[in-house]
Amino acid sequence: NIHTSTYIMLNRAAFRSLGQKLTRGDIVALRDPRDPTRLLVKRVIGLPGDEVLCNPGDLSKTVEVKRGMMWIEGDNLDHSIDSRVFGPVPQGLVLGRADVVIWPQDQARFLFPRPDLTRVIIPNAETGRT
């Protein structure tokens, strides 16, 4: 988990000049959709066209992620304010991908995508399912 006192190395070029695409599981820094003066660090759960289960405990409520949007969640679901509260967010709010925790030193590590596909229905074109 990344806390407010954690320093991360942000790859601002990943999605802009390098042309990489957001992928499920990426950890991104973005502007808070409710208060653009605040920054959030969250994991990408759903991308455009995906259908996401809004709450792991309620299998009846899903949201389709529209074009240009994404579904984000914190890794600590019990204490995270994320898309489960404010819905899908514009991909344009992303400032970059969080690649490395650099402080505190005892928590320094690389951050790797870890997609959670247990709550996401991915469109057929991407999965090959019918």
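Everything below is about the structure shown above.
Residues numbered from 1 in each chain as written. Predicted model: local features only at pLDDT ≥ 70, side-chain atom pairs only at ≥ 80, totals over all residues. Heavy atoms only, no water.

Participant: Whenever I open this one, the overall build of the protein confuses me. Can you help?
Facilitator: Each helix and strand counted, the protein has two helices and ten strands in total. Counted from the first residue to the last, the protein has its helices and strands arranged as β-β-β-β-β-β-α-β-β-β-β-α. Going through the 130 residues of the protein one by one, you find that 37% of them count as buried. Looking at the protein as shown, the accessible area adds up to about 8000 Å², and 54% of this sits on carbon and sulfur atoms. (Helix = DSSP H or I, 4+ residues; strand = E, 2+ residues; numbered from the N terminus. Buried < 20%, exposed > 50% of the residue type's maximum accessible area, 1.4 Å probe, protein only. Areas by Shrake-Rupley, 256 points an atom, 1.4 Å probe, with all protein chains shown as cover.)

Participant: Is there a simple way to explain the nonpolar core in this structure?
Facilitator: Grouped together as the largest cluster of nonpolar side chains are eleven residues: Leu22, Val28, Leu30, Leu40, Val44, Leu47, Met70, Ile72, Phe86, Val89 and Val94. Sorting the residues of this core by element identifies β2 (27-32), β3 (35-46) and β6 (69-73) as the ones contributing at least two each. Other than its neighbours up to four places away in sequence, Met70 contacts Leu22, Leu30, Val44, Gly46, Val65, Ser83, Pro88, Val89, Pro90, Gln91 and Val94. Counting seven residues, the second largest nonpolar core, distinct from the first, contains Val52, Val65, Trp71 and Val120. (Core = buried A, V, L, I, M, F, W, Y, C linked by side-chain atoms within 4.5 Å. Contact = heavy atoms within 4.5 Å.)

Participant: How do you make sense of the side chain of Glu73 when you look at a structure like this?
Facilitator: Along the chain, the position of Glu73 falls in strand β6. Within the structure, Glu73 has its side chain in polar contact with the side chain of Trp71 (distance 2.8 Å). (Polar contact = N/O pair within 3.5 Å; in protein donor to acceptor, adjacent residues only side chain to side chain.)

Participant: Looking at this structure, I do not really get the sheet that holds strand β5 (residues 58-64). What am I missing?
Facilitator: Adjacent strands of a sheet pair through backbone hydrogen bonds, lying either parallel or antiparallel. Pairing is antiparallel in the open sheet, where three strands are placed in the order β5-β4-β10. Two strands bound the open sheet, and with one partner strand each, they are β5 and β10 (120-121). Pairing between strand β4 (residues 51-55) and β5: four bridges, direction antiparallel. Bridge pairing links Leu53 to Thr62 in β5. (Pairing = 2+ DSSP bridges.)

Participant: Is there a simple way to think about the pattern of salt bridges in this case?
Facilitator: When their charged atoms lie close together, side chains carrying opposite charge are able to pair. Across all of its chains, the model carries five salt bridges by this definition. Ionic pairing is found between Asp50 and Arg24, a salt bridge with its closest N-O pair at 2.8 Å. Pair noted here: Asp50 is in the loop between β3 and β4 and Arg24 is in the loop between β1 (7-11) and β2, with a separation of 26 residues, a long-range link. Here the two residues Asp50 and Arg24 agree in accessibility, since each one is buried. Arg38 serves as the salt-bridge partner of Asp32, at 3.9 Å between the closest nitrogen and oxygen. (Salt bridge = Lys/Arg side-chain N within 4 Å of Asp/Glu carboxyl O.)

Participant: I tried to follow the pairing of β4 on my own but got confused; where do I start?
Facilitator: The side chains of a regular strand alternate, residue by residue, between the two faces of the sheet. Across two bridges, the pairing between β4 and β10 is antiparallel. When the bridges of β10 are listed, Glu51 appears paired with Ile121.

Participant: Help me out: how do you make sense of the side chain of Asp82 in this one?
Facilitator: Among the secondary structure elements, Asp82 is positioned in the loop between β6 and α1 (83-86). In this structure Asp82 comes out as buried when scored by relative accessible area, which is 0%. Looking at Asp82, its side chain comes within polar contact range of the main-chain nitrogen of Gly74, at 3.1 Å. Non-local contacts of Asp82, meaning those with residues more than four positions away in its chain, are made with Lys42, Ile72, Glu73, Gly74, Leu77 and Gly87.

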